[in-house]
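Chain and residue survey
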Amino acid sequence: MKFVDTKVVFREVPDRIALAINISNCPIGCPGCHSKYLWEDIGEPLDKNTLLSLIDANPGINCVSFMGGDAEPDMVRELAETVKESRPGIEICWYSGRSLEKAGSVIPYLDFIKTGPFIEEFGPLDEVTTNQRFYHITHTEKDPILSDWTSRFHKKIE
């Protein structure tokens, strides 16, 4: 798995300061995608050591958000597990174009997940018509509980 760049962001995960890691080689190819450059197999390898170095280079973050990685969900899971084990207090988010069902194996290692492909006619997360969903995940002894936080992205009309 490769990443192209990173940014510290404030809107991708509500109430969190997140390190967004843009992952390339997206297999979904949504028409109207705003990040078509991530369709290509470009960038630098993203392994455990690189990920931990990126986290350490960005003090003040409290979340890591994998922006993509749909071509290698097992690697997303492995990297999320690494963060959980070695950087307690850092939450994990995955922006995936997959359905929630297809993201299932990664969910035990996540605190948040955005699911669904971008469908231009429905708009992005900040539109009430979006097909995409953003969930907060609470882990219990039994099963994870997913709370739909999508409405937190919707534009406020004044």
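Scroll up to find the structure this text is about.
In what follows, the accompanying structure is described. Keep in mind that what you see is a predicted model, and the values were worked out from it rather than measured.

1. A closer look at the overall build of the chain
Within the chain one finds two helices and eight strands. Its helices and strands taken in sequence order, the chain reads β-β-β-α-β-α-β-β-β-β from the N to the C terminus. Over its C-alpha atoms the chain spans a radius of gyration of 15 Å, differing by no more than 12% from the 15 Å that the globule rule assigns to 158 residues. Overall, the C-alpha framework of the chain stretches about 40 × 40 × 30 Å when taken along its three principal axes. Of all 158 residues assigned to the chain, the portion counted as buried reaches 44%. Contacts spanning at least 24 positions in sequence make up 55% of the contacts within the chain whose residues lie at least 6 apart. Element-wise, carbon and sulfur atoms account for 52% of the exposed surface of the chain, whose accessible area totals about 8,400 Å².

2. Describing the sheet that holds strand β2 (residues 18-23)
Backbone hydrogen bonds are what pair the strands of a sheet, in a parallel or an antiparallel way. Pairing is mixed across the open sheet formed by eight strands, whose spatial order is β3-β1-β2-β4-β5-β6-β7-β8. The open sheet is flanked by β3 (44-45) and β8 (145-148), the only strands paired with a single partner. As judged from the four bridges shared by strand β6 (residues 112-115) and strand β7 (residues 133-138), these two strands associate in the antiparallel manner. Following the sheet pairing, T115 is matched in β7 by R133.

3. Focus on the pairing of β2
Burial of β2 is extensive: six of the six residues sit out of reach of the surface. Of the two faces of β2, the one carrying A18, A20 and N22 and the one carrying L19, I21 and I23 are both buried. Of the pairings in the sheet, the one linking strand β1 (residues 2-9) to β2 comprises six bridges and is antiparallel in character. Across the sheet, V9 pairs through a bridge with A18, a residue of β2.

4. Focus on the packing of helix α1 (residues 48-56) against helix α2 (residues 73-86)
Their axes nearest at 10 Å, the elements α1 and α2 cross at an angle of 50°. As far as their axial angle goes, α2 and α1 are oblique. Remark: the crossing between α1 and α2 carries right-handed chirality. The residues of α2 that touch α1, namely those facing K48, L51, L52 and I55, are E78, L79, T82, V83 and S86. Its residues assigned to classes, the contact of α1 with α2 shows five nonpolar, two polar and two charged.

5. A few points about the packing of aromatic side chains
Counted by the stated rule, this structure contains four aromatic pairs. Taken together, Y95, F112, F134, W149 and F153 form an aromatic cluster joined through their ring pairs. One cation-aromatic arrangement involves R152 over W149; the distance from NZ or CZ to the ring centre is 3.8 Å.

What counts, and where the lines are drawn
- Residues numbered from 1 in each chain as written.
- Predicted model: local features only at pLDDT ≥ 70, side-chain atom pairs only at ≥ 80, totals over all residues.
- Heavy atoms only, no water.
- Helix = DSSP H or I, 4+ residues; strand = E, 2+ residues; numbered from the N terminus.
- Rg over C-alpha atoms; globule rule 2.2 N^0.38 Å.
- Buried < 20%, exposed > 50% of the residue type's maximum accessible area, 1.4 Å probe, protein only.
- Contact = heavy atoms within 4.5 Å.
- Areas by Shrake-Rupley, 256 points an atom, 1.4 Å probe, with all protein chains shown as cover.
- Pairing = 2+ DSSP bridges.
- Axes fitted to C-alpha atoms, helices over the stretch in contact; angles between N-to-C directions.
- Parallel < 35°, antiparallel > 145°, perpendicular 65-115°, else oblique.
- Left-handed = near helix turned anticlockwise from the far one by under 90°.
- Nonpolar A, V, L, I, M, F, W, Y, C, P; charged D, E, K, R; others polar.
- Phe/Tyr/Trp six-rings, centres within 6.5 Å; stacked < 30°, edge-to-face > 60°.
- Lys NZ or Arg CZ within 6 Å of the ring centre and 35° of its normal.

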